[in-house]
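Summary of the model geometry
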Amino acid sequence: MADTLSALRSLMASHSPPLDALVVPSEDYHQSEYVSARDKRRQFVSGFSGSAGLALITKNEARLWTDGRYFLQAMQQLSDQWQLMRMGEDPAVDVWMADNLPEGAAIGIDPWCVSIDTAQRWERAFAKKQQNLVQTSKNLVDEVWKSQPPPEINPVVIHPLEYAGRSVADKLMDVRKKLVQGKARSIIISALDEVCWLYNIRGTDVAYSPVVHAFAIVTMNSAFFYVDKRKVSSEVNSYLESNGIEVRDYKAVSSDVSLLASNQLKSSIEIKGMGNGTIEAEESNNDLTWADPGYCCYALYSKLNPDEVLLQQSPLALAKALKNPTELEGLKNAHIRDGAAVVQYHVWLDQQMQEMYGASGFFLEGETDKTKQSKTAKLTEVTASDKLEGFRASKENFRGLSFPTISSVGPNAAIIHYSPKAETCAEMDPDRIYLFDSGAQYLDGTTDITRTVHFGKPSAHEKACYTAVLKGHIALGNARFPNGTNGHALDILARIPLWKDGLDYRHGTGHGIGSYLNVHEGPHLISFRPRNVPLEDSMTVTDEPGYYEDGNFGIRLENVLVIKKADTKFNFGDKGYLQFEHITWAPYQRKLIDVSLLTPEELEWLNSYHSKCRSVLDSYLDESEKAWLKKATETICV
């Protein structure tokens, strides 16, 4: 790490102009949350492997900013050459740079890895001391990263209409209508999941996310797909061309955006008639190029005339979030199969913990019998989670995990986004809480579920904390709210039971889920951080409150919900009301619940949910698994 910092500082000093600081963000050229191995530049320079964060290297300092999910992990992974900056507690990176770097300082960025929004915000912050954002012609990290993995050449795959639910022509027609409304004649699409959703394609360029490294440009009468052409078979090329989409080389997006700026970008594909989602428009009135400031990189924006850019969230973000009936059906079916895998994992793990560790098990609340512990066999966080992946892999349409499984025992469960490694992970412990947050990619949907269990005798404090989390989870899931309500307004519902005891958690409460796409999907969320995006009918969102006690344990419960219209007695203001429908199926552990803390309504909901778990999962389980689930979901009486 020291050699890396030294090499980077040498390049900073020899750069023209010399750089006072270098920013190394987590993101790739598409501002992705999860990136390919080749794009993990921030991890390479800092040693911190979390999915979110930013590294800043100055002449004599190295600082890393990350959010509350990763404070503990960053403290463990950063060497003493790095200083952790806690987002929400310490000054933001732009504020710190503006205040601490000298007047006229040159701050280097790779403009491909920084969004328009971020670059413009930094430029505003730097103005007071005449500091300058300098776009480097090469990525300096790539220059010193001798073992950087090569680009992967993975095939582009057509996502069939039976899973997509809407044709490419239909989606293109919608985009072009949005262009007319926005007085734009073209749009640059940078977000990988938006490109894949629009063109009904998928790939394997990024682990856990079935996306392709590609850009798209759509005009009123043409559409382009920028990708490494080695990934495109003749069949896929024909499919794209039949939809009026021209395949161009990935690197050509740069020169094509320059052509776009002067209205000279032309397609070689002749679109006959008004098919393929084209519509007529008054070209003379529409001279703007639409670019999403959160996802379009500064490098492409720099090629446009800023007066002719519509800086607005991509219209695809909301369109993708509003699931069509086919996608909703697929998501529900995927979650049923996934729930069966999670129950099978519970059954297996319960048996292993009793046989290998002398645990009292999932149901009984007794002391661990140390005399029964195996002297040779052992189970770790990784070997356990590998078994969970095996159960999922046996299910129809399975294509892989949707993120690295968080399999965490005791104090590791307090690390919100803990990622166990085979060499260093903990052994399973019957006397400590076990939290597992996991999900899968299926052709018909993406899943994400968290359960927290104890195979020994939980303390009264652990039960009280678990029950507070469960109460918040139930309260949010049972909410009814008027159209126009955003997730920020509902976030408090999941926290109130914790707040009553002076407890809280440092992460958002819910995020959207893709349809065989990214496990984290916007534009909406449920969070203490304001985002003015209303929740709408047919969106998906998770419900995942938690509580984490550093060095001791962590608790989180997570289900995926679908937003749907609510049939309310009244309709004040003629707004129409919405509610949630749970589509995740797996039991909550009875012995971790302090039933005396539940209201009659909460208990009724819990019993009803458990009853549905039995009926929904029954046909996917064998007789012994059914018997286990029946016991795990028995009616709880006061």
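Overview of the structure. (Residues numbered from 1 in each chain as written. Predicted model: local features only at pLDDT ≥ 70, side-chain atom pairs only at ≥ 80, totals over all residues. Heavy atoms only, no water.)

1. Thoughts on the overall build of the protein chain
The condition is simple: To qualify as a helix, a DSSP run of H or I must reach at least 4 residues; to qualify as a strand, a run of E must reach at least 2; elements of each kind are numbered from the N terminus. Here the globule rule reads 2.2 Å times residues to the power 0.38, and the radius of gyration is calculated from C-alpha atoms. Buried means the residue's accessible area, taken with a 1.4 Å probe over protein chains only, is under 20% of the maximum for its type, while exposed means over 50%, and partly exposed covers the values in between. Here the accessible surface of atoms and residues is derived via Shrake-Rupley with a 1.4 Å probe, and residues count as covered only by protein chains that are part of the display.
Check the secondary structure of the protein chain and you find 19 helices and 28 strands. A globule of 638 residues ought to have a C-alpha radius of gyration of about 26 Å, and the protein chain, at 26 Å, matches this closely. Oriented by its inertia axes, the alpha-carbon framework of the protein chain measures out at about 75 × 60 × 50 Å. Looking at the protein chain as a whole, 60% of its 638 residues are labelled buried. A total accessible area of about 25,800 Å² is found for the protein chain, and carbon and sulfur atoms account for 49% of it.

2. Quick look at the environment of Ser402
Note the threshold: We call two residues in contact when some of their heavy atoms are within 4.5 Å. Under the rule applied, a polar contact is a pair of N or O atoms within 3.5 Å (in protein, one hydrogen donor and one hydrogen acceptor; residues adjacent in sequence only if both atoms are side-chain atoms).
Mapped onto the elements of the fold, Ser402 is located in the loop between β15 (398-401) and β16 (406-409). Classification of Ser402 as buried rests on a relative accessible area of 1%. Among residues more than four places away in sequence, those in contact with Ser402 are Tyr208, Gly439, Ala440, Gln441, Thr446, Thr447 and Val519. At 3.2 Å, the side chain of Ser402 and the backbone nitrogen of Ala440 are in polar contact. At 2.9 Å, the side chain of Ser402 forms a polar contact with the backbone oxygen of Thr447.

3. Brief notes about the sheet that holds strand β21 (residues 480-482)
To keep things clear, this is the line we draw: The criterion for strand pairing is that DSSP finds at least two bridges linking the strands in question. For every element, the axis is a line fit to its C-alpha atoms; helices are fit only across the contacting stretch, and the angle between N-to-C directions ranges from 0 to 180 degrees.
Pairing is antiparallel across the open sheet formed by four strands, whose spatial order is β21-β28-β27-β24. Across the chains shown, the open sheet's two edge strands, defined by having one partner strand only, are β21 and β24 (540-543). Each strand of the sheet is rotated relative to its neighbour by a mean of 40°, with strand direction disregarded. Where strand β27 (residues 559-565) meets strand β28 (residues 577-582), five bridges bridge the pair, whose relative direction is antiparallel. Note on β28: the bridge partner recorded for Ile563 is Phe580. Across the sheet, helix α16 (residues 460-477) lies against β24, β27 and β28, angled at about 130° from β28, the strand it touches most.

4. Some remarks on the packing of aromatic side chains
Put simply, the test is: Centres within 6.5 Å make a pair out of two Phe, Tyr or Trp rings, where for Trp the six-membered ring is used; the pair is then stacked when the planes are under 30 degrees apart, edge-to-face when over 60, and tilted otherwise. Only lysine NZ and arginine CZ atoms are considered, and such an atom sits over a ring when it is within 6 Å of the ring centre and within 35 degrees of the ring normal.
Scanning the model with the defined rule gives 22 aromatic pairs in all. For the pair Phe362 and Phe363, a centre-to-centre distance of 5.2 Å together with 75° between the ring planes defines the contact as edge-to-face. The class of Phe362 is buried, set by a relative accessible area of 2%. Taking 5.3 Å as the distance between ring centres and 45° as the angle between the ring planes, the aromatic pair formed by Tyr588 and Tyr609 counts as tilted. Linking Tyr588 in the loop between β28 and α18 (600-617) with Tyr609 in helix α18, this pair joins segments that are 21 residues apart in sequence. With relative accessibility at 3%, the residue Tyr609 sits in the buried group. Members of the aromatic cluster, each reached through a chain of ring pairs, are Tyr29, Trp112, Phe215 and Tyr250. Between Arg337 and the ring centre of Tyr442, over which it is positioned, the NZ or CZ distance is 5.2 Å. Across from the ring centre of Tyr505, 3.8 Å away, lies the NZ or CZ of Arg495, which sits over that ring.

5. Quick word on the nonpolar core
The nonpolar side chains of soluble globular proteins are, as a tendency, buried together. We apply this condition: Here the nonpolar core consists of buried residues drawn from Ala, Val, Leu, Ile, Met, Phe, Trp, Tyr and Cys, with membership extended through side-chain atoms lying within 4.5 Å.
Tyr345, Leu349, Leu379, Met428, Tyr434 and Phe580 are the most contacted members of the largest nonpolar core, which has 81 residues in total. Considering every element that reaches this core, the biggest residue donor is helix α14 (residues 325-357), with 12 residues. Aside from chain neighbours lying at most four places away, what touches Tyr345 is Ala384, Ser385, Leu388, Phe391, Tyr434 and Phe436. Counting residues in each nonpolar core, the second largest holds 45 residues, with Tyr34, Val206, Leu288 and Val562 among its members.

6. Some thoughts on the pattern of salt bridges
Which entries qualify depends on this criterion: Whenever Lys or Arg places a side-chain nitrogen within 4 Å of a carboxyl oxygen from Asp or Glu, that contact is recorded as a salt bridge.
According to the stated counting rule, one finds 31 salt bridges in the structure shown. Salt-bridge contacts for Lys128 lead to Asp99; the nearest nitrogen and oxygen are separated by 3.2 Å. Note that Lys128 is positioned in the loop between α5 (116-126) and β6 (132-135) and Asp99 in helix α4 (residues 93-100), a separation of 29 residues in sequence. Take Asp99: its relative accessible area is 46%, and that puts it in the partly exposed class.

7. What to know about the sheet that holds strand β5 (residues 106-109)
Spatial strand order, β4-β3-β2-β1-β5-β6: six strands in an open sheet with mixed pairing. In this open sheet, the two edge strands, each paired with only one partner strand, are β4 (83-86) and β6. Strand-to-strand, the axes of this sheet are offset by a mean angle of 25°, without reference to chain direction. Pairing between strand β1 (residues 21-25) and strand β2 (residues 54-58): five bridges, direction antiparallel. Note that in β2 the partner of Ala21 across the bridge is Thr58. Across the sheet, α4 is in contact with β1, β2, β3 (62-66), β4 and β5; its angle to β2 comes to roughly 10°. In this fold α5 packs onto β1, β2, β5 and β6, with an angle of close to 140° to the strand it touches most, β6.

8. Examining the packing of α14 against helix α15 (residues 381-393)
This is how it is decided: Here is the rule for angles: anything less than 35 degrees is roughly parallel, anything more than 145 is roughly antiparallel, 65 through 115 is roughly perpendicular, and the remaining ranges are oblique. We call a crossing left-handed when the near helix sits turned anticlockwise from the far one by less than a right angle, and right-handed when that turn is clockwise. Gly is put with the polar residues, along with every residue not named as nonpolar or charged; the nonpolar set is Ala, Val, Leu, Ile, Met, Phe, Trp, Tyr, Cys and Pro, and the charged set is Asp, Glu, Lys and Arg.
In contact at an axis separation of 8 Å, α14 and α15 are set at 140° when each is read in the N-to-C sense. Judged by the inter-axis angle, α14 sits oblique to α15. You can see that α14 and α15 cross each other, and the crossing is right-handed. Residues Asp338, Ala341, Val342, Gln344, Tyr345 and Trp348 of α14 form the contact with α15, whose own contacting residues are Ala384, Ser385, Lys387, Leu388, Phe391 and Arg392. Here the contact of α14 with α15 is composed, by residue class, of seven nonpolar, two polar and three charged.

9. Describing helix α8 (residues 168-181)
How we decide: A helix is expected to span 1.5 Å multiplied by its residue count minus one. What the arc covers is the set of directions going from the helix axis to the C-beta atoms.
Compared with an ideal rise of 1.5 Å per residue, which puts 14 residues at 20 Å, α8 spans 20 Å between its outermost C-alpha atoms and is within 8% of the ideal. Among the residues of α8, those classed as buried are Val168, Lys171, Leu172, Val175, Arg176 and Leu179. On an axial view of α8, the arc spanned by its buried residues comes to 135°, and they lie on one face. One or two steps after α8, the chain reaches Lys183, where phi turns positive at roughly 55°.

10. A word on the packing of α18 against helix α19 (residues 623-632)
Two elements in contact, α18 and α19, have axes whose closest approach is 9 Å; the angle formed by their N-to-C orientations is 165°. It follows that α18 is roughly antiparallel to α19 by the angle criterion. Classified by chirality, the crossing of α19 by α18 is left-handed. The segment α18 lies against α19, with His610, Cys613, Arg614 and Leu617 engaging Leu629, Lys630 and Ala632.

11. What about the pairing of strand β12 (residues 245-249)?
Our working rule: Assignment of crossover handedness uses the view with strands pointing away from the viewer, where a clockwise path from the first strand over the helix to the second indicates a right-handed crossover.
Counting buried positions along β12 gives four out of five residues, so the element sits mostly inside the fold. Two elements, strand β11 (residues 223-227) and β12, share five bridges in a ladder whose sense is parallel. Directly across from Val227, in β12, lies its bridge partner Asp249. A crossover links β11 with its parallel partner β12, the connecting element being helix α10 (residues 234-242), and its sense is right-handed.

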